Amino acid sequence: MRRDGAVVAWSLVVPLKPLVRAKSRLSGAAGEEFRPKLALAFALDTVTAALACTDVRDVAVVTDDPVAGEHLAALGARIVPDAPANGLNAALAHGAAVVRARRPGAPVAALNADLPALRPAELAAVLHSAALFPRAFLADAADIGTTLLSATSGTELDPAFGGPSRARHLASGAQEITVPDVPSVRRDVDTGEDLRAALALGVGPHTARQAPHVPGWAARAEAVPVSGHAGGYGVVGLPGARSGAAPQVRASGA
């Protein structure tokens, strides 16, 4: 919502590598068999939550992966081929251009595809704040990278994702979003520890179905505390752990 009270209907652009190459840093924790499955699960939960956000008009996923494209299109996302084939930022700029070719002046936001704990209400809070500035971004949980970059009508997205992108987005003049209590929008997943942190927040159903199959995950999951999030979200263990409890799933649309 803008300062004048008008509702902003955002178009989100979500980039997704071919699954065979996605989330390579999870190989050690997940194994090569489950890494692509986890990458797809993350994207499905991310897009499901994004589409459930009241401030989101539509979601465009930039990907050349046919399997991921089919599953994400079934959720209601628009699939945009990665025509530039020149890395993450080129894909995001292309996705934003495709969105605005159909809806000139649309406010757009780039959103990571690896936010399995994403909650629509928290995303809405971030987008409300983003609407106050021509360009704005949200840092990841480590305060190093970026999970969301926005551009309101008439402003180019100008993405600079990858590595220490928080510093690059700050240097580019984008406003850092500091709205509190939005951990699910900041919790991207690149490593096994990141996944454990996401599980503690409470993940979507696709990720919850895959997580118990990660080799050795049951033993490590025992250390994950219940999150204390309203509604009882969190993980108290996985099948095979001494607690015997399965991962709890965040409620749809919560």
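Residues numbered from 1 in each chain as written. Predicted model: local features only at pLDDT ≥ 70, side-chain atom pairs only at ≥ 80, totals over all residues. Heavy atoms only, no water.

Chemist: I would appreciate a short explanation of the overall build of the protein in the present structure.
Modeler: From N to C terminus, the protein includes nine helices and nine strands. Burial status across the protein gives 52% buried among its 254 residues. In the protein, the share of contacts with a sequence separation of at least 24, taken over all contacts with a separation of at least 6, comes to 63%. In the form shown here, the protein has an accessible surface area of approximately 10,500 Å², with 56% of it arising from carbon and sulfur atoms. (Helix = DSSP H or I, 4+ residues; strand = E, 2+ residues; numbered from the N terminus. Buried < 20%, exposed > 50% of the residue type's maximum accessible area, 1.4 Å probe, protein only. Contact = heavy atoms within 4.5 Å. Areas by Shrake-Rupley, 256 points an atom, 1.4 Å probe, with all protein chains shown as cover.)

Chemist: Sorry, what's going on with the confidence of the model for the protein here?
Modeler: Regions with low pLDDT should not have their predicted coordinates read in detail. Residues with a pLDDT of 70 or more make up 80% of the protein, whose mean pLDDT is 86. Contacts from residues 223-248, a stretch scored under 50 in pLDDT, to residues over four places away or in other chains number 62 contacts. (pLDDT = per-residue confidence, 0-100.)

Chemist: How should I be thinking about the pairing of strand β4 (residues 108-111) in this particular structure?
Modeler: For a regular strand, the rule is simple: side chains alternate between the two faces of the sheet. Going residue by residue along β4, you find V108 and A110 tucked away on one face and A109 and L111 tucked away on the opposite face as well. Two elements, strand β1 (residues 10-15) and β4, share three bridges in a ladder whose sense is parallel. Within the sheet, the bridge partner assigned to V13 lies in β4 and is A110. Bridge count for β4 against strand β6 (residues 146-151) is four bridges, and the pairing is antiparallel. Looking at the pairing, A110 lines up with L149 of β6. (Pairing = 2+ DSSP bridges.)

Chemist: Where do I start with the sheet that holds β6 in this structure?
Modeler: Across a sheet, paired strands are connected by hydrogen bonds in the backbone, their directions being either parallel or antiparallel. Strand order in the open sheet made by the seven strands is β3-β2-β1-β4-β6-β5-β7, with mixed pairing throughout. One side of each edge strand has no neighbouring strand; the edge strands of this open sheet are β3 (78-80) and β7 (175-176). As defined by bridge partners, strand β5 (residues 135-139) adjoins β6 across five bridges and the pair is classed as antiparallel. From the neighbouring strand, R135 faces β6, where its bridge partner is A151.

Chemist: Could you clarify how one ought to interpret the nonpolar core in this entry?
Modeler: Here is a general trend for soluble globular proteins: nonpolar side chains tend to be buried in one another's company. Among the nonpolar cores identified, the biggest contains 38 residues, and L12, V59, L72, L111, L123 and L148 are the most heavily contacted of them. Those elements that provide at least two residues to this core are β1, α1 (27-51), β2 (56-62), α2 (66-75), β4, α4 (120-130) and β5. Looking at this core, the element that brings in the most residues is α1, giving seven residues. Those residues in contact with L111 that lie beyond four places of it in its chain are L12, V13, V14, P15, T46, A50, L118, L123, T147 and L148. Core analysis: the second largest hydrophobic core is formed by 18 residues, L92, V99, A106 and A151 among them. (Core = buried A, V, L, I, M, F, W, Y, C linked by side-chain atoms within 4.5 Å.)

Chemist: So what exactly am I meant to see when it comes to the side chain of T207 here?
Modeler: Summarising the element assignment, T207 is placed in helix α8 (residues 205-210). Assessed through its relative accessible area of 0%, T207 is described here as buried. For T207, the residues in contact, after removing those within four places along its chain, are A41, F42, D45, P116 and L195.

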